Every structure is written in C-alpha cells, then in structure tokens.
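# Geometric and topological summary
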Amino acid sequence: MPDAGTIALFRARMMCDVKRAASLENLAYVGLAFIISAVGVGFEFGDDRATAFTIAGVVVAAEAAFITALLLWGRRANRTAAALLEAAGFTRVPDESGRLRYVPPADAARPR
C-alpha cells in the first residue's frame, strides 16, 4: 500500500497534466455558452428588450466573476502542485507538443 506522500505526489502530477491541458483550451467555448445562456435568461424574465439585456448583462457579470474565481483557484492549485513536485525532485520538461510535464528524478536524463 503506498504511503500518503506517494499518493500526494501522484495526485499533484495528475493535476498539473490534466488542468493545464483543459483549463485555457475550453475557456472560449464556455464563455460563449454562458453569454448565449445569459441572453436566453434575460429574454425569459424580461418584459421588453431593454430589461432583457439588463438582466443578461447582470447574469454575464455574475458568470464572469464565477469563471474568474475558478481560474484563480485553478492557478493556485497548479502552483501548489508544482511546488510539491519540484520539492520532491521532479523536473519540468516540455514534451513534443510543447506542454510542460513533470518527470521523476530517475527519468530526467532519459530523452522523451
């Protein structure tokens, strides 16, 4: 059975790989979907066009604040995981596509 330190390193390595790949690539699509849904909510609850766009603006502002909070949380989690990995001796190495990966100390000299 692996100890808690090994599990923490494994989790940190997975977080760095997965979160960096998914966070910024899909942000534009999520933002577009939020804007379209906000306009839909605005027209559902608004009586006229001005009220609908006011409601949509408030919903977009709330969604933007939510996305910003999630991005800040994700960056903080990535920094924490990176610090844990670097303290354990892992090395940041770019792969063929240019993404940064954390390589264990024994594999750092081996070409990828």
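For the structure, see preceding data.
As a starting point, this report considers the structure included with it.

Rules used throughout
Residues numbered from 1 in each chain as written. Predicted model: local features only at pLDDT ≥ 70, side-chain atom pairs only at ≥ 80, totals over all residues. Heavy atoms only, no water. Pairing = 2+ DSSP bridges. Helix = DSSP H or I, 4+ residues; strand = E, 2+ residues; numbered from the N terminus. Phe/Tyr/Trp six-rings, centres within 6.5 Å; stacked < 30°, edge-to-face > 60°. Axes fitted to C-alpha atoms, helices over the stretch in contact; angles between N-to-C directions. Parallel < 35°, antiparallel > 145°, perpendicular 65-115°, else oblique. Left-handed = near helix turned anticlockwise from the far one by under 90°. Contact = heavy atoms within 4.5 Å. Nonpolar A, V, L, I, M, F, W, Y, C, P; charged D, E, K, R; others polar.

On to the pairing of strand β2 (residues 100–103). Pairing analysis gives 4 bridges linking strand β1 (residues 91–94) to β2, with the strands arranged antiparallel. By the bridge assignment, Val93 is partnered in β2 with Arg101. In this antiparallel pair of consecutive strands, β1 and β2, the connection spans 5 residues, and Gly98 shows a positive phi of 100°.

Evaluation of the coordinates by the stated rule reveals 1 aromatic pair. With a centroid separation of 5.4 Å and 75° between ring planes, the pair formed by Phe43 and Phe53 is classed as edge-to-face. In this pair, Phe43 is assigned in helix α2 (residues 27–45) and Phe53 in helix α3 (residues 49–87), connecting sequence segments 10 residues apart.

This part covers the packing of α2 against α3. Contact geometry for α2 and α3: axes closest at 8 Å, N-to-C directions at 150°. With respect to each other, α2 and α3 are oriented roughly antiparallel. When you trace α2 past α3, the crossing you get is right-handed. Of the residues in α3, those in contact with Leu27, Val30, Phe34, Ile35, Ser37, Ala38, Val39, Val41, Gly42, Phe43 and Phe45 of α2 are Ala52, Phe53, Ile55, Ala56, Val59, Val60, Glu63, Ile67 and Leu71. Split by residue class, the contact of α2 with α3 holds 17 nonpolar, 2 polar and 1 charged.

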